[in-house]
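# Survey of secondary and tertiary structure
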Amino acid sequence: KQEVTQIPAALSVPEGENLVLNCSFTDSAIYNLQWFRQDPGKGLTSLLLIQSSQREQTSGRLNASLDKSSGRSTLYIAASQPGDSATYLCAVRLQGAQKLVFGQGTRLTINP
Amino acid sequence: GAGVSQSPSNKVTEKGKDVELRCDPISGHTALYWYRQRLGQGLEFLIYFQGNSAPDKSGLPSDRFSAERTGESVSTLTIQRTQQEDSAVYLCASSLMVLAGPRGTQYFGPGTRLTVL
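Below, the structure is looked at part by part.

Cut-offs used in this document
Residues numbered from 1 in each chain as written. Chains lettered and ligands numbered in written order. Predicted model: local features only at pLDDT ≥ 70, side-chain atom pairs only at ≥ 80, totals over all residues. Heavy atoms only, no water. Core = buried A, V, L, I, M, F, W, Y, C linked by side-chain atoms within 4.5 Å. Buried < 20%, exposed > 50% of the residue type's maximum accessible area, 1.4 Å probe, protein only. Helix = DSSP H or I, 4+ residues; strand = E, 2+ residues; numbered from the N terminus. Contact = heavy atoms within 4.5 Å. Buried area = accessible area lost by both parts, 1.4 Å probe. Salt bridge = Lys/Arg side-chain N within 4 Å of Asp/Glu carboxyl O. Polar contact = N/O pair within 3.5 Å; in protein donor to acceptor, adjacent residues only side chain to side chain. Disulfide = S-S within 2.5 Å. Phe/Tyr/Trp six-rings, centres within 6.5 Å; stacked < 30°, edge-to-face > 60°.

Grouped together as the largest cluster of nonpolar side chains are 24 residues, with contacts concentrated most on Leu33(A), Trp35(A), Leu75(A) and Tyr88(A). Mapped by element, the contributors of at least two residues to this core are β3 (19-25), β4 (30-38), β5 (44-51), β7 (62-67), β8 (72-77), β9 (86-94) and β11 (106-111) of chain A. Val4(B), Leu21(B), Trp34(B) and Cys92(B) belong to the second-largest nonpolar core, a separate cluster that totals 20 residues.

Written as structure tokens, this is what we have:
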């Protein structure tokens, strides 16, 4: 059974810092991995999707890496801003499956 | 264009009542998913629809839960005889054909917050 773990559960940093969020998964036979952000009372917004054959994806100040063999992904946020405050979720899709398996998220707070 | 929409946004019901939640996927998206997020927990997969194929119901927690989808349009999730443990945010997502690349990205609606008293 695929399990996805996100560490830390919560993180608070001053504005302007670079930071890394971690995601690990137990079954390396994944189809892709996706990072989402979730704002209170709202749905999920897709940030980056990495296919199993890719090593990283970048969008603006966000960079996500994938090391399938070790079962790890990181989300790097550069020059953090208060607007980045949200819960960040990591989700994997196994090969041959359609559903996403989610981690419990990292609640990020950027302090002005 | 319009994203995934869900209704109602909030639903408060009494234990034992039936509830129906609605999801309108993005037009043209053939795949539709339901997930549940209980307080302090991660999202749990409930059910998946892909075109006219038989749905994947492997995530439904009990036979009180059922879902329907007509073609590639609206889906309804029904919970019968609600229990307090059913209280959660129910999220719907849709995507294009589940192939490699951005087409596989799931787009989520804002969710329905269900509270069972």
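Turning our attention to the interface of chain B and chain A. Each partner contributes to the interface: chain B provides 19 residues, whereas chain A provides 19 residues. Approximately 1500 Å² of surface area, both sides summed, lies buried where chain B meets chain A, with 55% of it carried by carbon and sulfur atoms. Our count for the contact surface shared by chain B and chain A stands at 0 salt bridges. Between the two partners, chain B and chain A, sit 3 residue pairs in polar contact (both at pLDDT 80 or more).

This structure, assessed with the given rule, holds 2 disulfides over all chains. One disulfide bridge connects Cys23(A) with Cys90(A), the sulfur atoms lying 2.0 Å from each other. Residues Cys23(A) and Cys90(A) are joined by a disulfide whose S-S torsion is about -60°; by sign, that bridge is left-handed. Of the two residues, Cys23(A) sits in strand β3 while Cys90(A) sits in strand β9, which places them 67 residues apart along the sequence. Accessibility expressed as a relative area gives 2% for Cys23(A), which makes it buried. For Cys90(A), a relative accessible area of 0% gives the class buried. The side chain of Cys23(B) participates in a disulfide bridge whose partner is Cys92(B); the two sulfur atoms lie 1.8 Å from each other. Note on the Cys23(B) and Cys92(B) pair: the S-S dihedral is about -65°, so by sign convention the disulfide is left-handed. Pair noted here: Cys23(B) is in strand β3 (residues 19-24) and Cys92(B) is in strand β8 (residues 88-95), with a separation of 69 residues, a long-range link. Accessibility expressed as a relative area gives 0% for Cys23(B), which makes it buried.

Taken as a whole and assessed by the stated rule, the structure comprises 8 aromatic pairs over all chains. Between Phe36(A) and Phe108(B), the aromatic rings sit 5.3 Å apart at their centres with planes inclined by 85°, giving edge-to-face as the arrangement. Here Phe36(A), found in strand β4, pairs with Phe108(B), found in strand β9 (residues 107-108), and the two come from separate chains. Neither residue differs from the other here; Phe36(A) and Phe108(B) are each classed as buried. Aromatic pair Tyr35(B) and Phe108(B): ring centres 5.5 Å apart, planes at 40°, arrangement tilted.

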